[in-house]
Amino acid sequence: MAESGDTKADSSSADTEHLYHWQDVTEDFVEAASELKLGELLHDANFGLFEAMSAIEMMDPKMDAGMLCNQTKRKVMNFEQALEANAIKIADLTVEEQIGIIDTTLACVVTWLEGHSLAQTVFTNLYLHSPFAIEDRCLKAFSICILKTVDLIRDRINRASVFEEEDFQPMSYGFKMAADVTDTRATGMVKEVEEELNRVIKNTRSKQGEQRDEATQQEHELSLAVYSRLKMCRLLFSTLVSLSREKCQGVQDAEKTINQLGELIVVLKRTVKYGIQPKDAQDNEYPRIMGFEPLVNQRLLPPTFPRYTKIKSREETVCYLESLVEDMKTICSVVEINSFHVAMEFFLEFSKRSPSVLVRSLLELLYLPQNRRVFGTQLMTDVLRDTVRNFIAPPVLQAKSPIINNPQAKEYVDIFLTHAVRPMSTIIQITGHNRARQKDKWGHLLEELANLQDEADKVDAFLHSLLVKSDPTRQHLACFGTWVLYHTLRVMIRYALAGFELELYATHEYHYVFWYLYECLYNWLISTLSRADSFVMEQDTIADQKKSGRNHKKNKKKARQRQNSREISLMQAQQNLCAGYYKAIVGFTLDGKMKRPDLEFDSEEVRYNHRFAPFGSVMTPPPVHYTQFKDMSDLSHYSPQPTAINMYVGACKHFQQARVLFETLSQPADQEIQNLIKVAKTNFVVMKLLSGGHKKDSTESPEWEFSTHNTFPVIKL
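Each chain has its residues counted from 1, running along the sequence as written. The model is predicted, so local features are restricted to residues of pLDDT at least 70 and side-chain atom pairs to those at 80 or more, both for listing and for counting; the totals for chains, interfaces and linings are taken over all residues. Hydrogens are left out, water is left out, and the side-chain values use all remaining heavy atoms of the structure.

Quick word on the packing of aromatic side chains
Then step 1. The criterion for an aromatic pair is that two Phe, Tyr or Trp rings (for Trp, the six-membered ring) have centres within 6.5 Å, with stacked assigned to planes under 30 degrees apart, edge-to-face to planes over 60 apart and tilted to the rest. If you walk through the whole model with that rule in mind, you get 40 aromatic pairs.
Then step 2. Between Tyr 608 and Tyr 626, the aromatic rings sit 5.4 Å apart at their centres with planes inclined by 65°, giving edge-to-face as the arrangement. Linking Tyr 608 in helix α19 (residues 604–611) with Tyr 626 in helix α20 (residues 626–632), this pair joins segments that are 18 residues apart in sequence. Tyr 626 shares its class with Tyr 608; the two are buried.
Then step 3. An aromatic cluster is defined as three or more aromatic residues linked by ring pairs; in this entry it consists of Phe 500, Tyr 505, Tyr 510, Phe 514, Tyr 581, Phe 588, Tyr 648, Phe 655, Trp 704, Phe 706 and Phe 712.
Then step 4. Positioned above the aromatic ring of Trp 442, the side-chain terminus of Arg 494 is 4.8 Å from the ring centre. Only runs of H or I of at least four residues qualify as helices and only runs of E of at least two qualify as strands under DSSP, and these elements are numbered from the N terminus. Relative accessible area decides the class of each residue, using a 1.4 Å probe on protein chains only: under 20% of the type maximum gives buried, over 50% gives exposed, and in between gives partly exposed. Geometrically, a lysine NZ or arginine CZ counts as sitting over a ring once it is within 6 Å of the ring centre and also within 35 degrees of the ring normal.

This is how it looks when you write it as structure tokens:
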């Protein structure tokens with residue numbers, strides 16, 4: 001029998017060799033590699049630097065994530081093995097154990113939402129592998145509820161598609177998410193346990209005139225801690241279910257549950273120390289309490305570089321949940337917005353808070369769900385039609401316009417608005433991505449907006465020719481074009497300013513970035529807004545001339561003026577800040593306070609062209625090339641040539657003007673405006689000191705401090 005087995009093995013080996021023709025190339029490989037000098041790499045059409053850097057050496061613990069299991073001395077057990085070895089309990093858990101398991105699971109969920117994999121976070125909890133095998137009612141209900149919540153979170157984030165690989169990992173590794181349990185049954189199971197705990201809480205509550213013993217008091221506190229955690233998990237799941245309903249029908253229910261969640265967070269903060277803790281100090285990074293095995297899923301991970309996963313602490317988890325609840329409360333208010341421009345500002349402001357990927361996804365799906373209708377009900381073309389009408393009042397969209405019923409005019413407008421849907425929806429979608437990724441996406445969007453700008457100009461020209469035939473006194477030039485130009489300029493400004501927030505610019509690049517913003521982009525934007533205002537006033541005047549009474553005309557005029565005046569003032573204030581920075585930098589350069597790189601190793605023109613490369617695809621405003629910038633910023637054109645003191649005085653005036661404009665816009669609740677006022681005031685004082693000769697002989701470079709505002713810095717000497 002043994003001989004027969006050996007014969008089979010030999011024949012199998014011979015067949016394999018015959019099939020594959022294996023050859024040992026080790027010596028040939030070593031000999032070929034010896035011809036390479038130190039630092040040289042072999043390059044082939046199918047094997048370049050990218051492939052070389054991405055290659056993984058299999059079985060190497062430093063490179064292969066699956067090898068981590070072989071480095072630990074303890075036995076890594078799954079749920080069934082741990083149960084057989086009595087390493088975990090499925091019944092008669094103490095309250096402290098329940099709290100510890102719940103808190104650690106929540107910490108794993110939060111860590112997953114921070115960009116780590118499910119296998120290394122949530123499913124290190126062995127109880128979640130077999131929730132129906134658990135006999136403890138509290139832990140079983142919690143486990144099923146958490147699985148349902150995780151599955152719903154994955155679904156929402158995948159549908160919104162505003163995440164990057166560093167934000168979120170949607171892979172479920174084939175784990176079961178309790179799909180056979182209905183949402184109603186899952187919440188019902190938790191509620192049953194809550195009712196049991198609530199009876200204990202009532203029985204152990206302090207009564208008037210009675211003194212509780214220490215054991216009763218502790219039982220009350222521990223029962224309240226478990227009750228609060230279960231209720232919080234149930235309400236979080238219910239909130240996500242409500243926000244997932246079509247046409248925003250569940251927002252009101254979600255607002256109620258979110259308010260209750262806020263109250264429960266307070267109890268979680270107070271009772272966070274009650275659960276069982278990891279025994280070893282080193283386990284704090286990857287807490288190993290009963291039921292948790294950090295290496296149980298290591299073999300499921302692809303053969304990649306081992307990714308370091310540090311589980312959030314329980315205190316950090318509660319803080320994260322608190323901010324999550326606040327952000328969810330904020331996004332519910334988006335359903336009250338009925339203007340696209342107001343919604344766009346809401347998204348932009350909300351993005352500045354750097355909310356979690358879950359909240360960003362929920363907000364995207366509330367406003368633009370998968371059917372691409374606003375709030376699931378309104379066609380995007382209709383929303384954009386109203387937006388353009390309110391922004392610049394094109395004659396073709398006015399009720400009593402001579403061309404409103406012209407079939408050709410209607411067709412042109414409908415086609416234009418249909419083409420505008422994609423770039424305008426993209427603006428909303430980009431704000432849902434994390435801040436670091438937005439800059440590149442703004443740059444790519446400019447190409448689409450440039451094409452839309454070209455189409456808008458053609459539509460305006462055609463509509464103008466139609467309108468002139470019907471009413472020679474009216475015009476339809478640059479209506480849709482102005483609206484597209486407004487969005488193009490806003491995107492260009494966001495792109496340029498994002499470089500400061502992301503710390504991409506070197507200090508010796510600041511002068512041309514601030515110059516471009518001050519001289520070009522803000523000038524064009526203010527001009528565009530003013531043109532829109534003037535055109536609206538003109539259309540109102542024409543409409544009012546056809547009506548009797550002057551009072552109506554005056555009132556409407558005032559209302560329209562108020563509509564854009566705030567934005568114009570804000571843009572003028574930011575323009576003055578950029579002008580102040582530019583002139584301050586020129587002054588620093590004249591004084592020898594700004595260090596520049598050695599031109600032998602650097603080219604300012606290359607840097608300039610790289611920074612503003614995406615603007616090259618836009619025809620309006622025309623891109624300012626480096627030679628134009630050098631010519632326009634050349635101080636030798638002035639007579640007499642300005643000195644450093646002159647530049648400081650000019651910067652001082654700009655910062656003062658910015659402060660005045662910001663103060664006219666100031667509201668106590670608007671923290672960003674308050675911060676900008678502080679920036680303008682501080683920089684005004686610094687420029688005032690410099691213009692008076694302060695530190696005249698010093699060549700020390702100024703500091704640019706972004707802690708007050710992440711885009712507009714405070715200058716420190």
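The discussion continues.
A word on a negative patch on the surface
Then step 1. For patch detection, residues must exceed 30% relative accessible area and be free of salt bridges, and they are connected within 9 Å for like charges or within 5 Å for nonpolar side chains (Val, Leu, Ile, Met, Phe, Trp, Tyr). All accessibility values rest on the Shrake-Rupley procedure with a 1.4 Å probe; residue burial counts only the protein chains present in the view. The term salt bridge refers to a pairing of a side-chain nitrogen on Lys or Arg with a carboxyl oxygen on Asp or Glu at a separation within 4 Å. In summary, the charge assignment counts Lys and Arg as positive and Asp and Glu as negative, without counting His or the chain termini. Note that the charge is assigned to NZ on lysines, CZ on arginines, CG on aspartates and CD on glutamates. Judged by side-chain charge, Asp 24, Glu 27, Asp 28, Glu 31 and Glu 35 come together as a negatively charged surface patch.
Then step 2. What makes Asp 24 exposed here is its relative accessible area of 66%.

What to know about helix α17 (residues 510–545)
Then step 1. Multiplying 1.5 Å by the residue count of a helix minus one yields the expected span of that helix. Here α17 contains 36 residues, and its C-alpha end-to-end distance of 51 Å stays within 8% of the 52 Å for a straight helix at 1.5 Å per residue.
Then step 2. Where α17 bends most, at Leu 517, the angle is about 35°. Bend angle per residue: angle between axes fitted to the 7 residues ending at that residue and the 7 residues starting there.

Things to note about helix α5 (residues 95–113)
Then step 1. Relative to the 27 Å expected for 19 residues at 1.5 Å per residue, α5 spans 27 Å between its end C-alpha atoms, a close match to the ideal helical length.
Then step 2. Here α5 lies mainly inside the structure; 17 of its 19 residues are buried.
Then step 3. Just beyond α5, the residue with positive phi is Gly 115, at close to 115°.

Let's talk about unusual backbone geometry
Then step 1. Residue Pro 621 follows Thr 620 across a cis peptide bond; omega there is 0°.
Then step 2. Checked against the element boundaries, Pro 621 lands in the loop between α19 and α20.
Then step 3. In this structure, Pro 640 follows Ser 639 across a cis peptide bond, with omega equal to -5°.
Then step 4. Relative to the assigned elements, Pro 640 resides in the loop between α20 and α21 (644–665).
Then step 5. A positive phi angle is found at Asn 86, which is not glycine, with a value near 55°.
Then step 6. Of note, the phi angle at Ala 393 is positive, near 50°, even though the residue is not glycine.
Then step 7. Within the secondary structure, Ala 393 sits in the loop between α13 (380–392) and α14 (407–431).

Examining a nonpolar patch on the surface
Then step 1. Taken together, Leu 41, Leu 49 and Met 53 make up a surface patch of nonpolar side chains, about 360 Å² in accessible area.
Then step 2. Mapped onto the elements of the fold, Leu 49 is located in helix α3 (residues 49–54).

A closer look at the side chain of Thr 482
Then step 1. On the secondary structure map, Thr 482 appears in helix α16 (residues 480–501).
Then step 2. Setting aside chain neighbours within four positions, we find Thr 482 in contact with Phe 391, Ile 392, Thr 528, Arg 531 and Ala 532. A contact between two residues is defined here by any heavy atoms of the two lying within 4.5 Å.

Concerning the confidence of the model for the protein
Then step 1. For the protein, mean pLDDT is 89; residues scoring 70 or higher make up 91% of the total.
Then step 2. For residues 1–14, every residue scores under 50 in pLDDT, and the model assigns this stretch 0 contacts once sequence neighbours within four places are set aside.
Then step 3. Across residues 556–560, where pLDDT falls below 50, the model places 7 contacts with residues more than four positions away in sequence or in other chains. The pLDDT value tells you how sure the predictor is about a given residue, anywhere from 0 up to 100.

Describing the state of the cysteines
Then step 1. The criterion for a disulfide is a pair of cysteine sulfur atoms lying within 2.5 Å. Counted according to the given criterion, the structure contains 0 disulfides.
Then step 2. Cys 233 provides the cysteine sulfur closest to Cys 108, a residue in no disulfide bond, and the two sulfurs are 13 Å apart.
Then step 3. Counting only cysteine sulfurs, Cys 520 is the nearest neighbor of Cys 578, a cysteine outside any disulfide, at a range of 12 Å.

Side note on the side chain of Arg 314
Then step 1. Among the structural elements, Arg 314 can be located in helix α10 (residues 314–331).
Then step 2. Pairs of N or O atoms within 3.5 Å make up the polar contacts considered here, provided that, within protein, one atom can donate a hydrogen while the other can accept it, and that residues adjacent in sequence are counted only when both atoms are side-chain atoms. At a separation of 2.8 Å, a polar atom in the side chain of Arg 314 contacts the main-chain carbonyl oxygen of Ile 276.
Then step 3. Apart from residues lying up to four places away in sequence, Arg 314 is in contact with Gly 100, Asp 103, Thr 104, Val 272, Gly 275, Ile 276, Gln 277, Pro 278 and Ile 289.

Some points on the pattern of salt bridges
Then step 1. According to the stated counting rule, one finds 38 salt bridges in the structure shown.
Then step 2. Here Glu 509 and Arg 607 are joined by a salt bridge, their closest N and O atoms 3.4 Å apart. Taken together, the residues span a long stretch of sequence, with Glu 509 in the loop between α16 and α17 and Arg 607 in helix α19 at a distance of 98 residues.
Then step 3. What makes Arg 607 partly exposed here is its relative accessible area of 27%.
Then step 4. Put simply, Arg 611 and Glu 509 hold a salt bridge, and the shortest N to O gap is 2.9 Å. Taken together, the residues Arg 611 in helix α19 and Glu 509 in the loop between α16 and α17 connect sequence positions 102 residues apart. Assigned by exposure class, Arg 611 and Glu 509 land together as buried.
Then step 5. Within this structure, Arg 137, Arg 185, Glu 192 and Glu 196 form a network of salt bridges that share partners.

Some thoughts on empty space enclosed by the protein
Then step 1. Cavity and pocket criteria rest on a 1 Å grid covering protein atoms alone: a 1.4 Å probe that fits but cannot get out defines a cavity, protein on both sides within 12 Å along at least 5 of 7 lines defines an open pocket, and an atom within 4 Å of a point defines a lining residue. Grid points are joined across faces, edges and corners, and a volume is the space filled by probe spheres set on the points. Here the structure, examined in full by the defined rule, presents 6 cavities of 30 Å³ or more.
Then step 2. One number sums up the size of the largest cavity: a volume of about 90 Å³.
Then step 3. For the lining of the largest cavity, the secondary-structure elements that each account for two or more residues are α5, α6 (137–160) and α10.
Then step 4. The leading source of residues in the lining of the largest cavity is α5, at 4 residues.
Then step 5. Class assignment of the residues belonging to the lining of the largest cavity gives a composition of 11 nonpolar, 1 polar and no charged. Think of it as three bins: nonpolar holds Ala, Val, Leu, Ile, Met, Phe, Trp, Tyr, Cys and Pro, charged holds Asp, Glu, Lys and Arg, and polar takes everything else, Gly as well.

Re the nonpolar core
Then step 1. Only buried residues count toward a nonpolar core, which is a set of Ala, Val, Leu, Ile, Met, Phe, Trp, Tyr and Cys residues joined through side-chain atoms within 4.5 Å. In this structure, Tyr 127, Tyr 367, Phe 480, Leu 517 and Met 687 are the most contacted members of the largest nonpolar core, which totals 208 residues.
Then step 2. A per-element tally of this core places α17 first, with 16 residues.
Then step 3. Those residues in contact with Leu 517 that lie beyond four places of it in its chain are Ile 493, Ala 496, Leu 497, Phe 500, Tyr 522 and Cys 578.

A look at the environment of Glu 349
Then step 1. Its location among the elements puts Glu 349 in helix α11 (residues 340–351).
Then step 2. The sequence separation of Glu 349 and Ser 54 amounts to 295 residues, and the corresponding C-alpha distance is 38 Å.

Things to note about the environment of Pro 640
Then step 1. Taking the relative accessible area as the measure of exposure, Pro 640 reaches 74% and is therefore exposed.
Then step 2. Separated by 350 residues in the primary sequence, Pro 640 and Met 290 have C-alpha atoms spaced 80 Å apart.

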